[in-house]
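Residues per chain, in single letters:
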Amino acid sequence: MNPPLDGIHVIEFEGLGPGPLAGRMLADMGAQVTLIVRPTAGAVAAQLGGRGESPLRQGKRVVVLDLKRHEDRAEAMALVAHADALIEGNRPGVMERLGLGPADVAERNPRLVYGRMTGWGQQGPLAQVAGHDLNYVALTGLLSLSAHRGERPMVPPTVLGDAAGALGLAFGMVCAILEARRSGSGRVVDGAIVDVVAMLGSIAQTVRANGQLDGADASPFHDSPFYDVYACADGGFITIGALEPQFYALLLQKLGIGDLDPGAQYDKATWPAVKARLSALFASKPRAHWCELLEGTDVCFAPVLGVAEAAAHPHIAARRIYSTSTDGAVHPAPAPRFLPLA
């Protein structure tokens, strides 16, 4: 039996984490994925994923292009012109500035499915600022649901297992439906949560393989001062996810810390002292103070909001992510969203 997405051609512009994982998921289902990569790896990709071949590239054909060059952008457009779908994970507006945005490619390929992977979305007050996984979960209100009373929140209940399993089943069913339309034969989609969660751990497994998780060394995600949940003076919490050097440098600047070298960000021997210093600093002011100072900047910041607070947050409200019924219940909108290509 052919894989469900056999014959589907996807162009992926390589980014960090979720976009490559989505491309890997499509490749695993039989799609031909052509991966456009930069000539040099980004700082975080190299730090967390190592210098070797990333497992998230498995099953993909790699094409190295420098999209700052006109001829390389033209080559990328030529590839997109014959594809069924595209995946990109840049900030809103980047692909448009490269001449590879939805309206640009629609002129060459009006049937293209254009996949945009971002943290904050294409519109909204935070659309242009940096962030990471921890910040996105915090702003939705879901991170707050994991905290025991008075304790620091960690991961929210039911999202990682149950909801991820549902997403995996839906993805598999769409794959199978597309294949059945072509072949006329249906199939069983065995959407076991344990399988889906393990597969969704591909990014973490890549980081682990590079010794950045589950090893003897300190982990950027567990031990560093620049990726953590911090308590504030009023009992609230904030999240910092400044994994990239430029975001960490901006964090120190915003906090008025001039005696720390941003270039020593990944010097693990310094982490305990820096984390203690940041913990004391964040604990000295209420959450609102840190929101006023850091929100909307590229330090990769978000407050840990309760669900009712999240529904009223300007970014969440602008994107209409939540609606509130007359009885006070908060309801999430369907996702992802579908927008016209041109």
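Each chain has its residues counted from 1, running along the sequence as written. Only residues with pLDDT of at least 70 are given local features in this predicted model, and only at 80 or more are side-chain atom pairs given and counted; all residues enter the totals for whole chains, interfaces and linings. Calculated side-chain values reflect all of the structure's heavy atoms, with hydrogen atoms and water omitted.

(A) A look at the side chain of R319. Only DSSP runs of H or I covering at least 4 residues are called helices, and only runs of E covering at least 2 are called strands; the numbering of each starts at the N terminus. By secondary structure assignment, the location of R319 is in the loop between α14 (314–318) and β9 (322–324). Whether a residue is buried, partly exposed or exposed follows from its accessible area with a 1.4 Å probe, protein chains only, as a fraction of its type maximum: under 20%, in between, or over 50%, in that order. His residues and chain termini do not enter the charge count, which takes Lys and Arg as positive and Asp and Glu as negative. A pairing counts as a salt bridge when a side-chain nitrogen of Lys or Arg comes within 4 Å of a carboxyl oxygen of Asp or Glu. As a buried residue without a salt bridge, R319 has its nearest oppositely charged side chain in E88, at a separation of 12 Å. Reaching out from R319, the side chain makes a polar contact with the backbone oxygen of W120 at a distance of 3.5 Å. Whether two residues touch is decided by their heavy atoms; if any such pair falls within 4.5 Å, the residues are in contact. Residues contacting R319, with those up to four places away along its chain left out, are W120, G121, Q122, Q123 and R337. Pairs of N or O atoms within 3.5 Å make up the polar contacts considered here, provided that, within protein, one atom can donate a hydrogen while the other can accept it, and that residues adjacent in sequence are counted only when both atoms are side-chain atoms.

(B) Here's a closer look at the pattern of salt bridges. Across all of its chains, the model carries 14 salt bridges by this definition. A salt bridge links D28 to R24; its shortest N-O distance comes to 2.9 Å. Taken together, the positions of D28 and R24, both in helix α1 (residues 18–28) and four residues apart, correspond to about one turn of that helix. Between D214 and R208 there is a salt bridge, with its nearest N and O atoms 2.8 Å apart. D214 gets classed as exposed once you look at its relative accessible area, which sits at 62%.

(C) Summary view of the pairing of strand β2 (residues 32–37). Burial runs high along β2: five of the six residues are buried. Note on pairing: two strands pair once DSSP finds at least 2 bridges between them. Note that strand β1 (residues 9–13) and β2 share five bridges and pair parallel. In the strand pairing of β2, I11 is matched with T34. Alignment of β2 against strand β3 (residues 60–64), held across five bridges, turns out to be parallel. Along β3, the bridge assignment pairs T34 with R61.

(D) Fine view of the nonpolar core. Put simply, buried Ala, Val, Leu, Ile, Met, Phe, Trp, Tyr and Cys residues joined by side-chain atoms within 4.5 Å make one nonpolar core. Ranked by size, the top nonpolar core spans 41 residues in total, and within it I240, L255, F282, W290, L294 and F301 carry the most contacts. Sorting the residues of this core by element identifies α6 (133–139), β6 (227–231), β7 (237–241), α10 (245–254), α11 (271–282), α12 (287–294), β8 (301–303) and α13 (307–312) as the ones contributing at least two each. Formed by 19 residues, the second largest nonpolar core is a distinct cluster that contains V63, L65, M77 and V80.

(E) Representation of the packing of aromatic side chains. Stacked, tilted and edge-to-face pairs are distinguished by plane angle, under 30 degrees for stacked and over 60 for edge-to-face with tilted covering the rest, among Phe, Tyr and Trp rings (Trp via its six-membered ring) whose centres lie within 6.5 Å. Across all of its chains, the model carries eight aromatic pairs by this definition. Ring geometry for F282 and W290: centres 5.0 Å apart, planes at 80°, overall edge-to-face. Of the two residues, F282 and W290, neither departs from the other in class, the shared state being buried. Grouping aromatic residues by their ring pairs yields a cluster made of F226, Y248, Y266 and W271.

(F) Fine view of the side chain of E12. As for its placement among the helices and strands, E12 is situated in strand β1. Among the polar contacts made by the side chain of E12, one reaches the side chain of K60 at a distance of 2.7 Å.

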